[in-house]
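# Results of the structural survey
Here is how the chains run, residue by residue.
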Amino acid sequence: MINTYDHEDAELLVPAVGRIVQAVADLIGEARKADVPVIYGNDNFGLWRSHHGELLDKALALPHAALVEPVLPDDDSLFVVKARHSVFYETPMAYLLWRLGVGHLVLCGQVTEQCVLYSALDAHIRHLDVTVPRDAVASIHPRLGEAALEMMERNMGARVTAAREVDFLGTRQAVPDRDPHETGDRP
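This write-up is about the structure you can find in this document. Remember, predicted model here, so these are calculated numbers, not experimental data. Once a new chain begins, its residue numbering starts again from 1 and follows that chain's sequence as written. Under the rules for a predicted model, residues below a pLDDT of 70 receive no local features and side-chain atom pairs below 80 are neither given nor counted, while totals for whole chains, interfaces and linings still include all residues. Side-chain measures were taken over the full set of non-hydrogen atoms in the model, leaving aside hydrogen atoms and water.

The next subject is the overall build of the chain. Helix and strand assignments come from DSSP, with helices taken as H or I runs of at least 4 residues and strands as E runs of at least 2, each series counted from the N terminus. When helices and strands are tallied, the chain shows five helices and seven strands. Along the chain, from the amino end to the carboxyl end, the secondary structure elements read α-β-α-β-α-β-β-α-β-β-α-β. Sorting the 187 residues of the chain into buried and exposed places 48% on the buried side. For this analysis, residues touch if any pair of their heavy atoms sits within 4.5 Å. A separation of at least 24 residues holds for 79% of the contacts in the chain among residues at least 6 apart in sequence. The Shrake-Rupley method, run with a 1.4 Å probe sphere, supplies the accessible areas, and residue values consider only the shown protein chains as cover. Element-wise, carbon and sulfur atoms account for 50% of the exposed surface of the chain, whose accessible area totals about 10,100 Å². Exposure is judged per residue with a 1.4 Å probe applied to protein chains only, and the accessible area is read against the type maximum: over 50% gives exposed, under 20% gives buried, and values in between give partly exposed.

Written out as structure tokens, the structure is:
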């Protein structure tokens, strides 16, 4: 959700994010109240030397800061900078979730048909349960976003629901004691 909106397709994404930002902010607030870890998996926007503070500063200095302000990380939030679509690809996310004992992810943000879909798939192959609140994900192309939600639900067993139906206390379940990089896809 920490986005500079100075990239290709931003003009299509901005209105969709405007429609979901409050639901995402509400989910973050509910997770914090339930003492559930809030982890931002964020693009680096080509700022390879950057850290989350620099990304926040840049996003807040650009014209669409109003889409970022409601979802700002607090001091307890965790931040994983990613280079590609999936929050798991070449990041410490699997290890972090394992260390935190997280077995169920609630994925929200942008872009449904890209980052959310690929992160859900990577969570699925790591035997993590996934919930995707349909009103807390934004797509560039609504038809593809709907198809992505259907794929997550049908092919990955994700629970696709409304944000108000997410029960953070009910999503708590420990990860089995296993190697965090194991996918279960053994010959």
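Turning our eyes to something else, we now look at the packing of aromatic side chains. Only Phe, Tyr and Trp rings take part, Trp by its six-membered ring, and two of them pair if their centres are within 6.5 Å. Stacked means planes under 30 degrees apart, edge-to-face means over 60, and tilted covers everything else. Applying the stated rule across the entire model yields two aromatic pairs. Ring centres of Tyr40 and Phe79 lie 5.9 Å apart, and the angle between their planes is 15 degrees; this geometry places the pair in the stacked category. With a gap of 39 residues between them, Tyr40 in strand β1 (residues 39-43) and Phe79 in strand β2 (residues 78-82) connect regions that are remote in the sequence. Each ring, one from Tyr95 and one from Trp98, has its centre 5.6 Å from the other, and the planes form 45 degrees; the classification is tilted. You can see Tyr95 and its partner Trp98 sitting in helix α3 (residues 93-100), three residues apart, about one turn around the helix.

Quick look at the pattern of salt bridges now. We define a salt bridge as a side-chain nitrogen of Lys or Arg found within 4 Å of a carboxyl oxygen belonging to Asp or Glu. The tally for this structure, following the rule as stated, stands at six salt bridges. Lys58 serves as the salt-bridge partner of Asp6, at 4.0 Å between the closest nitrogen and oxygen. Of this pair, Asp6 sits in the segment before α1 (10-33) while Lys58 sits in helix α2 (residues 52-61), placing them 52 residues apart in sequence. When the shortest N-O distance is used, the salt bridge between Asp43 and Lys82 registers 2.7 Å.

Below, the discussion takes up the sheet that holds strand β3 (residues 104-106). Spatially, the three strands line up as an open sheet ordered β3-β5-β7, and their pairing is parallel. Of all strands in the sheet, those with a lone pairing partner are β3 and β7 (159-161), marking the two edges. Going across the sheet, the axis of each strand differs from the next one's by a mean of 15 degrees, ignoring polarity. Pairing between two strands is assigned when DSSP locates at least 2 bridges connecting them. In the sheet, strand β5 (residues 129-133) pairs with β7 via three bridges, with the strands oriented parallel. Each bridged residue has a counterpart across the sheet, and for Thr131 the counterpart in β7 is Arg159. Between the N-to-C directions of two axes lies an angle of 0 to 180 degrees, each axis being a line fitted to C-alpha atoms and, for a helix, fitted only over the stretch in contact.

Residue placement: Ser86 occurs in the loop between β2 and α3. Any N or O atom pair separated by 3.5 Å or less is treated as a polar contact, with the protein-specific requirement of one donor-capable and one acceptor-capable atom, and with residues adjacent in sequence counted only for side-chain atom pairs. Of note is the side chain of Ser86, whose polar atom sits 3.0 Å from the backbone nitrogen of Phe88. Residues in contact with Ser86, not counting those within four places in the same chain, are Tyr118, Ser119 and Asp122.

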